[in-house]
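Residue strings, one per chain:
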Amino acid sequence: MASGADAKPSAPELAAAPAQARRFVAARRRRAAAALEDYTELIADLIARQGEARTTDIAERLGVAHPTASKAIGRLEREGLAVAKPYRGVSLTAAGRTMAERSRRRHRLVVDFLVAVGAPREAAEADAEGIEHYVSSATLAAFEAFLAAQRK
């Protein structure tokens, strides 16, 4: 019998190639959508709090350079999610508002779940910034069910 130091690691379980490919394709799609979701959510928050969303404020709050924010806002416009007018800030289209609200709901749900399982609120808020974009609908439903059971 081999000792722990001599034992070979077992080969990882692999999903069938089509299933694994679907997972990676879905993850890449979510990664591409993550920035759009972050921008729409922030723009909606800025409009709600300040009455406007200026590119300078967006860049500052997302920790990016002004040209980076401008480029992302251009992408939002091409995707039909926002409208930017010089000297007037950025507004969201109906589709952009829907995306922002969906992202905000997912964020809150992930934060609430992480706090419920013992994560400190600050860590939960930070971690939710990434998790919210990648968690599936099925997992979100499980989070909701868990939280509902906790409230009983």
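Residues numbered from 1 in each chain as written. Predicted model: local features only at pLDDT ≥ 70, side-chain atom pairs only at ≥ 80, totals over all residues. Heavy atoms only, no water.

**A closer look at the pattern of salt bridges**
Inference 1: Enumeration according to the criterion identifies nine salt bridges in this entry.
Inference 2: Between E37 and R106 there is a salt bridge, and its shortest N-O distance comes to 2.7 Å. With a gap of 69 residues between them, E37 in helix α1 (residues 17-50) and R106 in helix α4 (residues 94-116) connect regions that are remote in the sequence.
Inference 3: The buried category is assigned to E37, whose relative accessible area is 8%.
Inference 4: The salt bridge involving D45 is made with R104; its shortest N-O contact spans 2.6 Å. On the criterion of sequence distance, the pair formed by D45 in helix α1 and R104 in helix α4 is long-range, its members being 59 residues apart. (Salt bridge = Lys/Arg side-chain N within 4 Å of Asp/Glu carboxyl O. Helix = DSSP H or I, 4+ residues; strand = E, 2+ residues; numbered from the N terminus. Buried < 20%, exposed > 50% of the residue type's maximum accessible area, 1.4 Å probe, protein only.)

**With respect to the packing of α4 against helix α6 (residues 137-151)**
Inference 1: Put simply, α4 and α6 touch, their axes get as near as 10 Å, and they point 50° apart. By the criterion of interaxial angle, the relationship of α4 to α6 is oblique. Here the hand of the crossing between α4 and α6 comes out left-handed. Every residue of α6 that contacts α4 at R106, L109, V110, D112, F113 and A116 is listed here: L140, F143, E144, F146 and L147.
Inference 2: Grouping the amino acids of the contact of α4 with α6 by side-chain chemistry returns eight nonpolar, no polar and three charged. (Axes fitted to C-alpha atoms, helices over the stretch in contact; angles between N-to-C directions. Parallel < 35°, antiparallel > 145°, perpendicular 65-115°, else oblique. Left-handed = near helix turned anticlockwise from the far one by under 90°. Contact = heavy atoms within 4.5 Å. Nonpolar A, V, L, I, M, F, W, Y, C, P; charged D, E, K, R; others polar.)

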